[in-house]
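Secondary and tertiary structure notes
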Amino acid sequence: MIDPAFIEKFEQIATPFYYYDMELLGHTVDTLASLSRKYGIDVHYAVKANVERRILETIAGSGIGADCVSGNEVRRALECGFPAGRIVFAGVGKSDREIHEALNAGIEAFNCESLHEIYVINAMAAAFGLRARVAARINPNIDAHTHKYVTTGLFENKFGIARHEFDAMVDLLGRCGNIDFTGLHFHIGSQITEVRDVFSLEARRVDEIISYFEDKGLKVDNVDFGGGLGIDYEDPDSCPVAPFEDWFRTIISGYRRRPGQRLHLEPGRSVVAQCGTLISRVLFVKSGETKNFLILDAGMNDLIRPALYGAYHKIENLSSCFRKGFSEMQAYDVVGPVCESSDVWGQGRLLPLSVRGDLMAIRSAGAYGQVMASRYNLRDFAPAVFSDELENAPHFIDYFKRL
Ligand SMILES: *Cc1c(COP(=O)(O)O)cnc(C)c1O
């Protein structure tokens, strides 16, 4: 819930902007770090979900590691205080330059997604006289019961090494003189809400796969189950901290940890989604032939999830709480200004009667929001505003007051 005292301050800030509740972020990160210690599961935050420096610094400060998917993310993680030895680097297509920089930085591990990649990293490490720590990402063929664009662990997906190459992989690792093999990595998808069903299936499948490799003589010191824990987009206030403990317990009880083995998880969305809100204003109210439209000044270029995945974000009218004795509700199609018919925030949303200038909140926007923004239509990027820095928020305006 957004504190009315903050809403009054929003009146002074040019919209749209991303608002980050740093108190909630701190609480979420502390919860995660203490569960990590309690269950002996190491956590790396998936940096791609949100790369704002203040957010990364907060997460790094709690001792959580970083899971990166590009050379620039590795560099940003280092700049924001993650030690190199706590940074893993995943992704199906790492460029030579990205590999070279990460080798020089001495990262914790490359999570390799093909035999060809293992071969190339070994050759580059040899050329530079370095050693590379390498984990292999395996495709476990598990249906995460989530949107097809965010399912990553099925044989039809591009991610990970498939079963028919397992023996060849063991063989290749035996021949790679500059690689220290660290373990196996999995990641089956994102926004997984059937936590117990899906993750217990993953834990059991991982157990079988580890046994297969052990039988081939491969020692697996680290097992990384990936990320994917879902959050509640419908009702962001009932449980603002994601069900981390449920997730940890499900992994622990479904997987038989081998002596000395370290387990890892890589949450992205569940760490940052609920602390972020896209704040916008109503520009115009329009009654169409069959519907009423609320036209906001935030669009799909600011937050593409609804247009890309048909994703749901809760929408609230923040200004209406200041209108005394006002209770009339109205169904609106809430839309953005971008010239695309998919630039829709929500259809038939029941909201308090809204007027030009009302502040609107698009909730649960902290993950895969700002990082996926574009300048389509040559629109400006929505800046980040942090709850503990509201006083010096960037762009002040007053024209809404005058019109
Ligand atoms: C994106 C990603 C994650 C994080 O996924 P979430 O659903 O945001 O938790 C973790 N691991 C890898 C390898 C990823 O690509």
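Fair warning: this is a prediction, and the values are worked out from it, not measured in the lab. Think of each chain on its own: its residues are numbered from 1, step by step along the sequence as written. Only residues with pLDDT of 70 or above have their local features reported here, since the model is predicted, and side-chain atom pairs are shown and tallied only from 80 upward, although totals for entire chains, interfaces and linings are computed over all residues. Computation of side-chain values covers all heavy atoms of the structure but excludes hydrogens and water.

1. As for the sheet that holds strand β6 (residues 132–137)
Our working rule: Pairing between strands requires that DSSP locate at least two bridges from one strand to the other. The secondary structure listing takes helices from DSSP runs of H or I that are at least 4 residues long and strands from runs of E that are at least 2 residues long, numbered from the N terminus. Orientation is described by lines fitted to C-alpha atoms, with helices fitted over the stretch in contact, and by angles between N-to-C directions that extend from 0 to 180 degrees. Whether two residues are in contact is decided by their heavy atoms: any pair within 4.5 Å suffices.
What the eight strands build is a closed barrel, ordered β2-β3-β4-β5-β6-β7-β8-β9; its pairing is parallel. When strand polarity is set aside, the average angle formed by the axes of neighbouring strands in this sheet is 30°. Bridging between strand β2 (residues 41–46) and strand β3 (residues 65–68) involves three bridges; their strand directions are parallel. Bridge pairing links Ala46 to Asp67 in β3. Across the sheet, helix α5 (residues 96–105) is in contact with β4 (87–89), β5 (109–112) and β6; its angle to β5 comes to roughly 150°.

2. Regarding the UniProt feature "active site" (unreviewed entry) in the chain
Condition: UniProt positions are given in the numbering used here, feature names are shortened, and annotations may be inferred rather than shown by experiment.
Following the UniProt record, the feature "active site" (unreviewed entry) maps to Cys339 here. Residue position: Cys339 is located in the loop between β13 (329–335) and β14 (344–352). Here Cys339 is in contact with Tyr376 and Asn377, once residues within four sequence places are set aside.

3. Concerning the packing of helix α7 (residues 166–175) against helix α8 (residues 195–215)
This is how it is decided: Orientation is classified from the angle alone, with under 35 degrees giving roughly parallel, over 145 giving roughly antiparallel, 65 to 115 giving roughly perpendicular, and any other angle giving oblique. Each crossing gets its handedness from the near helix: less than a right angle anticlockwise from the far helix is left-handed, clockwise is right-handed. Gly falls in the polar group here, along with every residue not listed as nonpolar (Ala, Val, Leu, Ile, Met, Phe, Trp, Tyr, Cys, Pro) or charged (Asp, Glu, Lys, Arg).
Relative orientation of the contacting elements α7 and α8 amounts to 50°, with a least axis distance of 11 Å. Of the possible angle classes, the one that applies to α7 and α8 is oblique. In the crossing of α7 with α8, the sense of the turn from one axis to the other is right-handed. Within the contact between the two elements, α7 uses Phe166, Asp167, Met169 and Val170 and α8 uses Ile209, Tyr212 and Phe213. Tallied by class, residues from the contact of α7 with α8 come to six nonpolar, no polar and one charged.

4. Observations regarding the site of the ligand
Test applied: Throughout this document, a residue counts as near a molecule or strand when at least one of its heavy atoms sits within 4 Å of that molecule or strand. Residues adjacent in sequence count toward polar contacts only when both atoms are side-chain atoms; beyond that, a polar contact is any pair of N or O atoms within 3.5 Å, and within protein one must be able to donate a hydrogen and the other to accept it. Exposure was quantified through the Shrake-Rupley algorithm and a 1.4 Å probe, taking into account, for residues, occlusion by the shown protein chains and nothing else.
Around the ligand, a shell composed of 14 residues is seen, among which Lys48, Ser190, Glu266, Arg269 and Tyr368 lie nearest. One of the side-chain N or O atoms of Lys48 is found 2.8 Å from an oxygen atom in the ligand. In the model, an oxygen atom of the ligand is placed 2.3 Å from a nitrogen or oxygen of the Ser190 side chain. The fraction of the free accessible surface of the ligand (390 Å²) that becomes covered by protein chains is 94%.

5. Some remarks on the UniProt feature "binding site: pyridoxal 5'-phosphate" (unreviewed entry) in the chain
As a reminder, the rule being used: Grid spacing is 1 Å over the protein atoms alone, the probe is 1.4 Å, and a cavity is where that probe fits but cannot get out, while a pocket is an open set with protein on both sides within 12 Å along at least five of seven lines and lining residues have an atom within 4 Å of a point. Buried residues are those whose accessible area, probed at 1.4 Å on protein chains only, stays under 20% of the maximum for their type, while exposed residues exceed 50% and partly exposed ones sit between those limits.
Mapped onto this structure's residue numbering, the UniProt feature "binding site: pyridoxal 5'-phosphate" (unreviewed entry) falls at Gly228, Glu266, Pro267, Gly268, Arg269 and Tyr368. Among the annotated residues just listed, those that line the second largest pocket are Arg269. Within the secondary structure, Glu266 is located in the loop between β9 (262–265) and α10 (269–272). Side-chain polar atoms of Glu266 contact the side chain of His185, separated by 3.1 Å. Note on placement: Gly268 falls in the loop between β9 and α10. Gly268 sits in the buried class, given a relative accessible area of 6%. Beyond its immediate sequence surroundings of up to four residues, Gly268 is in contact with Tyr45, Ala46 and Ala49.

6. Focus on the side chain of Thr250
Within the secondary structure, Thr250 sits in helix α9 (residues 244–254). Discounting chain neighbours no more than four positions away, the residues touching Thr250 are Val195, Arg196, Phe199, Ser200 and Ala203.

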